[in-house]
Amino acid sequence: MTNNDRGCAEYWPPRPAEADSHDPEVLRAALIREATDRGRAECIAKMQTDVVKLAIDLLVREPDLAGFFGALTKAMVEEAECHTCAVWLLDDTVQRCDLWMAYVKDHLLTPAMVTAKGQGGEKERSKLFCERMASHLFEYSDGWNRTVEYDADDARLPSTIREFSRDKGWDVTVATPLILGGRNLGWMTVSSPRAPECPEGGWWRVVLIEAVARQASLALHHSRVVEQNRIEERRKAILEERNRLARDIHDNLAQGFAAILMQLQGARREAICLPQTITAKLDAAVDLARTHLIEARRSVGTLRPNVGDGEEVASALKRIAGSVQRTTDVPIDVNVDELPRFGDAIERELIGIAQEALTNAVRHSRARRITVSAASVRSIGVRLSISDDGRGIVREQPSAGFGMTSMQERAERIGASLTIVTAPRSGTEVVLAWEPSNLPTQVYSAG
């Protein structure tokens, strides 16, 4: 036997036992069985071919993953003559399963829509059903590697699911795992009434859902791979940009501050006979240059502006206000309460916004007084305010300039609410509110 013969033998069906019989009835029964099996095999092959063609067509029409699955579940409901087709996905840690979407009768539902659907008890029952079904799929180990068929009164199902299925008229529920490369990504379930013309139980529905599940698993895996590659590319781009910024800070800002500091220190040594007011300004300039040189050098390594390692927000606000005060004659009042710690990422953006707003007030407002205030919100958040009594911001350009854009972007990164209230000759107030609930970013200008 050649290698090709052995390869064919692996897939070739065995010789029927009745082949050597001379009994016409035995041969007739064997022929009927063979014809039935062949018809079923042809049906399965055609069904699988049609599903592959459908999946390719849907991917062309619906490149978005959610759109693809929405169209796929709709096709499943229509082709399998069932009531509902649902997709349940495992989370990244494979610690739980949740409903992703379901096509019911003639419309697509998401978990939020399922929860909102109906009133009172019906809404709660739908929500409870989704939770119980997700838990059952996750906990029923036999269903992780093979398709499982459930009757409406199947004892394997929790009572909540059985009652809900009976009320909806679901006689049969088929659950098949979304498996690719030996890894389970979730499940696809189809619920339907039992067709009276299918006494065998509608085997074709099982074949159909398994064929659809294979294409769904491939699409889901491909989408996740693409998304992971996109995230990795974004991470690389961010890293490259951070490295570029670090180089620019080191080569330009840090070296520039070092040169300025040397010149100021030289001038201070030669200013012994100058008036005290001038020497005081030189001392302030030396301190400012030294402080910003330290900040520039720290940013080269970590790109962490304005807040030192372990420094609290309240202390950083007072330090920044003190540094700015040495550059202006405008009084800066600081009213800062004791604040909780918010984490490095949040604190860096808060301090960055405070410094930008304070710098804008000193440079552009022509104010007679500036106030910096900060207080905790419900012991877990913060409200930060930088206000002045200056000329305000021109109404036609309420958000012009890099400084305003920078503050908005910082607020968006941490999910804070940023409000800018200004009016001609009535001053400007920049208010930032942040809580762990991720408030939306809002930027207003009041004329």
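Everything discussed here concerns the structure shown above.
What you see is a predicted model; the values in this text were computed from it and never measured. Every chain is numbered independently, its residues counted from 1 as its sequence is written. Predicted model: local features are reported for residues with pLDDT of at least 70 only, side-chain atom pairs are reported and counted for 80 or more only, and whole-chain, interface and lining totals are derived from all residues. Excluded from the side-chain calculations are hydrogens and water; all other atoms, namely the structure's heavy atoms, are used.

Novice: Looking at this model, I keep getting lost on the overall build of the protein. Mind explaining?
Specialist: Helix and strand assignments follow DSSP, with helices taken as H or I runs no shorter than four residues and strands as E runs no shorter than two, numbered in order from the N terminus. Within the protein one finds eleven helices and eleven strands. Across the 447 residues in the protein, those meeting the buried criterion constitute 39%. Taking as baseline every contact in the protein between residues at least 6 positions apart, the subset at least 24 positions apart corresponds to 60%. Surface summary for the protein: the accessible area is close to 26,100 Å², and the carbon and sulfur share equals 53%. Throughout this description, buried means an accessible area under 20% of the type-specific maximum (1.4 Å probe, protein chains only), exposed means over 50%, and partly exposed covers the range between. Any pair of residues with heavy atoms lying within 4.5 Å of one another is described as a contacting pair. Only the protein chains shown count as cover for residues, and the accessible areas themselves come from Shrake-Rupley with a 1.4 Å probe.

Novice: How should I be thinking about helix 3 (residues 65-79) in this particular structure?
Specialist: Under the 1.5 Å per step criterion, the end-to-end length of helix 3 is 21 Å for 15 residues, consistent within 8% with the ideal 21 Å. When helix 3 is considered as a whole, its buried residues turn out to be Leu65, Phe68, Phe69, Gly70, Ala71, Leu72, Thr73, Ala75, Met76 and Val77. Between N or O atoms, a polar contact is any pair within 3.5 Å; within protein, one atom must be a potential hydrogen donor and the other a potential acceptor, and residues adjacent in sequence are included only when both atoms are from side chains. With a side-chain oxygen positioned 3.2 Å from the backbone nitrogen of Ala66, the residue opening helix 3 is Asp64. Phi for Glu81, located one or two positions after helix 3, is positive at around 50°. To estimate how far a helix should extend, the number of its residues minus one is multiplied by 1.5 Å.

Novice: Can you help me understand the sheet that holds strand 9 (residues 381-388) in this one?
Specialist: Either a parallel or an antiparallel arrangement is found when strands of a sheet pair, and the pairing is made through backbone hydrogen bonds. Two strands make a pair as long as DSSP finds a minimum of two bridges between them. Taken in spatial order, the five strands of this open sheet run 7-8-9-11-10, and their pairing is mixed. Only two strands of the sheet have a single neighbouring strand rather than two, namely strand 7 (332-336) and strand 10 (417-422). Direction aside, the axes of adjacent strands within the sheet are offset by 10° on average. Inspection of the sheet shows strand 7 paired to strand 8 (residues 370-377) by five bridges, in the parallel sense. Of the residues in strand 8, the one forming a bridge with Asn335 is Ser373. Structural elements are reduced to axes, namely lines fitted to C-alpha atoms, with helices fitted over the stretch in contact, and the angle between N-to-C directions of any two is expressed from 0 to 180 degrees. Sheet strands touched by helix 9 (residues 313-325): strand 7, strand 8 and strand 9. Its angle to strand 7, the strand with the most contacts, is close to 175°. Strand contacts of helix 10 (residues 344-364): strand 7, strand 8, strand 9, strand 10 and strand 11 (428-434), with the helix running at about 10° to strand 9, the strand carrying the most contacts.

Novice: Whenever I open this one, the pattern of salt bridges confuses me. Can you help?
Specialist: Between side chains of opposite charge, a pair can form when the charged atoms approach closely. Each salt bridge in this description consists of a side-chain nitrogen of Lys or Arg and a carboxyl oxygen of Asp or Glu lying within 4 Å of one another. Overall, the coordinates contain ten salt bridges when judged by the stated rule. Here Arg410 makes a salt bridge to Glu349, at a shortest N to O gap of 2.9 Å. Of this pair, Arg410 sits in helix 11 (residues 402-414) while Glu349 sits in helix 10, and the two are 61 residues apart along the sequence. Across the pair, Glu349 and Arg410 agree in class, each one buried. A salt bridge links Arg413 to Glu349; the shortest N-O distance between them is 3.2 Å. Here the residue Arg413 occupies a position in helix 11, and Glu349 occupies one in helix 10, the gap between them amounting to 64 residues. A relative accessible area of 53% means that Arg413 is categorised as exposed. Residue Glu349 is classed as buried on the basis of its relative accessible area, which comes to 12%. A network of salt bridges, in which partner residues are shared, links Glu349, Arg410 and Arg413.

Novice: What should I look at first to understand the side chain of Glu435 in this one?
Specialist: One can find Glu435 in the segment after strand 11. When sequence neighbours within four positions are dropped, the list of residues in contact with Glu435 reads Val377, Arg378, Ile380 and Gly381.

Novice: Can you walk me through helix 10 in this structure?
Specialist: For the α-helix, the turn length of 3.6 residues means that residues three or four positions removed from each other point alike. With 21 residues, helix 10 ought to run about 30 Å at 1.5 Å a step, and its terminal C-alpha atoms sit 30 Å apart, in line with that. Arg366 sits one or two residues past helix 10 and shows a positive phi near 55°.

Novice: Would you take a moment to explain the pairing of strand 10 for this structure?
Specialist: With respect to burial, strand 10 is a largely interior element, five of its six residues being buried. As paired strands, strand 10 and strand 11 are joined by six bridges and run antiparallel to one another. Paired with Leu418 across the strands is Leu432, a residue of strand 11. Here strand 10 folds back onto strand 11, and the loop between the two strands holds five residues, one of which, Arg425, carries a positive phi near 60°.

Novice: What is the right way to look at the nonpolar core in this model?
Specialist: Considering soluble globular proteins, one finds that nonpolar side chains tend to be buried as a cluster. Of all hydrophobic cores here, the largest spans 38 residues; its most connected members are Leu317, Phe342, Leu358, Ile370, Ile386, Leu432 and Trp434. Breaking this core down by element, the ones donating at least two residues are helix 9, strand 7, helix 10, strand 8, strand 9, helix 11, strand 10 and strand 11. The element that contributes the greatest number of residues to this core is helix 10, accounting for eight residues. Aside from chain neighbours lying at most four places away, what touches Ile370 is Val330, Pro331, Ile332, Asp333, Leu358, Ala361, Val362, Ile386, Ser387 and Asp388. The next biggest cluster of nonpolar side chains, apart from the first, holds 31 residues, and it includes Ala80, Val174, Met188 and Ala213. What is meant by a nonpolar core is a set of buried Ala, Val, Leu, Ile, Met, Phe, Trp, Tyr and Cys residues, joined one to another through side-chain atoms within 4.5 Å.

Novice: Is there a simple way to think about the packing of aromatic side chains in this case?
Specialist: Geometry of an aromatic ring pair is reported as the spacing of the ring centres plus the angle between the planes. For Phe, Tyr and Trp, where Trp contributes only its six-membered ring, two rings pair if their centres lie within 6.5 Å, and the inter-plane angle classes them as stacked under 30 degrees, edge-to-face over 60, or tilted in between. For the structure on display, the rule yields nine aromatic pairs. Both rings, one in Phe68 and one in Phe69, keep their centres 5.6 Å apart while their planes meet at 85°; by these two values the pair is edge-to-face. In this structure, Phe68 and Phe69 share a single accessibility class: buried. Ring centres of Phe129 and Trp170 lie 5.7 Å apart, and the angle between their planes is 65°; this geometry places the pair in the edge-to-face category. Placement of the pair is Phe129 in helix 5 (residues 121-139) and Trp170 in the loop between helix 6 (159-168) and strand 5 (172-180), with a sequence separation of 41 residues. Look at Trp170 and you get buried, because its relative accessible area is 7%. Taken together through their ring pairs, the aromatic side chains of Phe68, Phe69 and Trp100 make up a single cluster.

Novice: Explanation requested: the environment of Asp388 in the structure shown.
Specialist: Its location among the elements puts Asp388 in strand 9. Through-space distance from the C-alpha of Asp388 to that of Ser365 is 7.3 Å; in sequence the pair is 23 residues apart. Each residue touching Asp388, except ones within four places of it in the same chain, is listed here: Ala361, Ser365, Ala367, Arg369, Ile370, Ser426, Gly427 and Thr428.

Novice: So what exactly am I meant to see when it comes to the side chain of His136 here?
Specialist: With respect to the element layout, His136 can be found in helix 5. Overall, His136 belongs to the buried group, its relative accessible area being 7%. When near neighbours in sequence (up to four residues on either side) are disregarded, His136 contacts Tyr150, Arg156, Leu157, Pro158 and Ile161.

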